[in-house]
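These are the residues of each chain, in order.
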Amino acid sequence: MTFSRILPCFLLLALQPATPIAAASLFNVTAVLSAHTGLSAFTALLSGTAIPSDLASRTSLTIFAVPDSFLSASADLTSHLPPSSLADVIRYHVILEYLSPVDLLKIPPSGSLFTTLFQTTGRATSDFGSVNITRNPSDNHVSIHSPAPFSPYNATVLGLVETFPYNLSIFSVSSILVPYGSDLTASETAPSSGLNITKALIDGHNFNVVASMLAASGVVEEFQADEGGAGITLFVPTDTAFSELPSSGSFQSLPADKKSVVLKYHVLHSYYPLGFLESMVNPLQPTLATEAMGAGSFTLNISRVNGSLAIDTGIVLASVTQTVIDENPVAIFGVSKVLLPREFFNKHSTVSTMSSGSAMSSSPLPDTAAMSPGSSSPGYGGEPSHVSSPPGESTGAADIIVRKLILGLCCILMHFVV
């Protein structure tokens, strides 16, 4: 029986008087699940974690519970997980809003993103702690899957188990849901490639400087360890990009620990193919430096501008110039500039922009004027770079105009005085 065919039964249930509750926190979610014998295994997994206490203060929830007959097929997948990872998998089945059967049938065929309890832990990469719920308009089948690319785990909504408008809905689903980037996803879908990152950069013939810096700092070992997890994406500056850095007040004068942070700032903690980066829903991406230095810091703004993939740090605007490696779980892209974080380099820094004829001749940057009307792209020192200045405009021309206006006003005033 499909979800759409049993929908009328759900609607009748929804119209019946529900147990009067003021908030989800006034009843025990585990007790509600325990009343359904076909969900005993899922209930045991949930009750064996701290999730029930996590839900105590929540007033609007939707839970996708896996029946015993379907969960048994995933038992071999979850048996090797440590308790903390297993708890995050169960958190991924909890949506932080109330969804009724009618709400599910209103979801557009293209899908909608919904925040899960796992997303709130801060352990999810980007928005991969959310689920994408889609609906097939031909048969009204509702599916749930990760928004991440290449995630093989998805489930179909089988039916409504219980609802308490407008606080709690429990639906049964056909399979366990696994957040992309978890240990389970890593072990099943992203085995280590065994790629030697340093060697790959040297073989690229234009990345010798960054290869030597990665090896000397020791962070390359950390990068290669991430290959076996959710994967890794590196933005590596060309040798030319390093040669264009000013000799003073720049990256080269940073202490070793800060240099390591900047190198981590060039890395995303997941595998992103070029096509995914170009169509990314959330352009503001955390980096490995974000994980080291704190949430909200050391982020990259990635967007497509005038046909090129642009990376904006708030200090530097760079473009992706070439693909070095793009094979799951590793992507390495060459970029036209060293990505300098605003946390270390701000507009008061002594770092200055390069002359207009340097980087642009070999690797053109996107026209930043197309980003937003009147906007400009900051250069190394926070000053507008040459790529954002309209042709023919200069501060000298503006000074001449201002002086002429002042002179004209003086002449008018003198006329009245006389």
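Residues numbered from 1 in each chain as written. Predicted model: local features only at pLDDT ≥ 70, side-chain atom pairs only at ≥ 80, totals over all residues. Heavy atoms only, no water.

Draft legend 1. Broad picture of the nonpolar core. With 52 residues, the main nonpolar core has Leu-201, Phe-223, Phe-235 and Phe-251 as its most contacted residues. Top element by residues in this core is strand S14 (residues 330-335). It accounts for five residues. Once you skip the residues sitting within four places of it in the chain, Phe-251 turns out to touch Met-213, Phe-242, Leu-245, Lys-259, Val-262, Leu-340 and Phe-345. Within the second largest apolar cluster, 42 residues are counted, among which are Ile-51, Leu-55, Ile-107 and Val-161. (Core = buried A, V, L, I, M, F, W, Y, C linked by side-chain atoms within 4.5 Å. Buried < 20%, exposed > 50% of the residue type's maximum accessible area, 1.4 Å probe, protein only. Helix = DSSP H or I, 4+ residues; strand = E, 2+ residues; numbered from the N terminus. Contact = heavy atoms within 4.5 Å.)

Draft legend 2. Layout of the pairing of strand S1 (residues 61-65). Counting buried residues along S1, five of its five residues qualify, which places the element largely inside the surrounding structure. The alternating pattern of S1 places Leu-61, Ile-63 and Ala-65 on one face and Thr-62 and Phe-64 on the opposite face, and all of these are buried. With five bridges joining them, S1 and strand S7 (residues 168-173) adopt parallel strand pairing. Across the sheet, the residue bridging to Ile-63 is Ile-170, located in S7. Sheet topology places S1 next to strand S2 (residues 94-95); two bridges connect them, and they run antiparallel. Its bridge partner lying in S2, Ile-63 is registered against Val-94. (Pairing = 2+ DSSP bridges.)

Draft legend 3. Focus on unusual backbone geometry. With an omega of -5°, the peptide bond between Pro-165 and Tyr-166 qualifies as cis. Checked against the element boundaries, Tyr-166 lands in the loop between strand S6 (154-164) and S7. At Asn-140, a residue that is not glycine, the phi angle is positive and equals roughly 65°. Along the chain, the position of Asn-140 falls in the loop between strand S4 (130-135) and strand S5 (142-145). In this structure, Phe-298 takes a positive phi of about 50° despite not being glycine. Secondary-structure assignment places Phe-298 in the loop between helix H16 (288-293) and strand S11 (299-305). Since its relative accessible area comes to 3%, Phe-298 is described here as buried.

Draft legend 4. Seen up close, the packing of aromatic side chains. Within the structure shown, the criterion is met by six aromatic pairs. The interplanar angle of 80° and the centroid separation of 6.0 Å between the aromatic rings of Tyr-265 and Phe-298 together place this pair among those described as edge-to-face. Taken as a pair, Tyr-265 in the loop between helix H14 (256-264) and strand S9 (267-268) and Phe-298 in the loop between H16 and S11 lie far apart in primary sequence, 33 residues in all. For the pair shown, Tyr-265 and Phe-298 are each scored as buried. Put simply, the rings of Tyr-265, Phe-298 and Phe-344 touch in pairs and so form one group of aromatic residues. Residue placement shows Lys-258 over the ring face of Phe-344; its charged tip is 4.9 Å from the ring centre. (Phe/Tyr/Trp six-rings, centres within 6.5 Å; stacked < 30°, edge-to-face > 60°. Lys NZ or Arg CZ within 6 Å of the ring centre and 35° of its normal.)

Draft legend 5. Focus on the sheet that holds S7. The strand order S2-S1-S7-S6-S5-S4-S3 describes an open sheet built from seven strands, whose pairing is mixed. Across the chains shown, the open sheet's two edge strands, defined by having one partner strand only, are S2 and strand S3 (112-115). Bridging between S5 and S6 involves three bridges; their strand directions are antiparallel. Its bridge partner lying in S6, Ser-143 is registered against Thr-156.

Draft legend 6. Region of interest: the pattern of salt bridges. Counting across every chain of the model gives four salt bridges. A salt bridge links Asp-88 to Arg-91, with the nearest nitrogen and oxygen atoms 3.0 Å apart. Placement of the pair is Asp-88 and Arg-91 together in helix H7 (residues 83-91), with a separation of three residues, close to one helical turn. For the pair Asp-88 and Arg-91, a shared accessibility class is recorded, and that class is buried. Between Asp-88 and Arg-123 there is a salt bridge, with the nearest N and O atoms lying 2.8 Å from each other. (Salt bridge = Lys/Arg side-chain N within 4 Å of Asp/Glu carboxyl O.)

Draft legend 7. Focus on the environment of Ile-90. Residue position: Ile-90 is located in helix H7. With a relative accessible area of 0%, Ile-90 lands in the buried category. Spatially, the C-alpha atoms of Ile-90 and Leu-45 are 7.6 Å apart, while their sequence positions differ by 45 residues. Residues in contact with Ile-90, not counting those within four places in the same chain, are Phe-42, Leu-45, Leu-46 and Ile-51.

As far as function goes, none of this settles anything; it's purely spatial.
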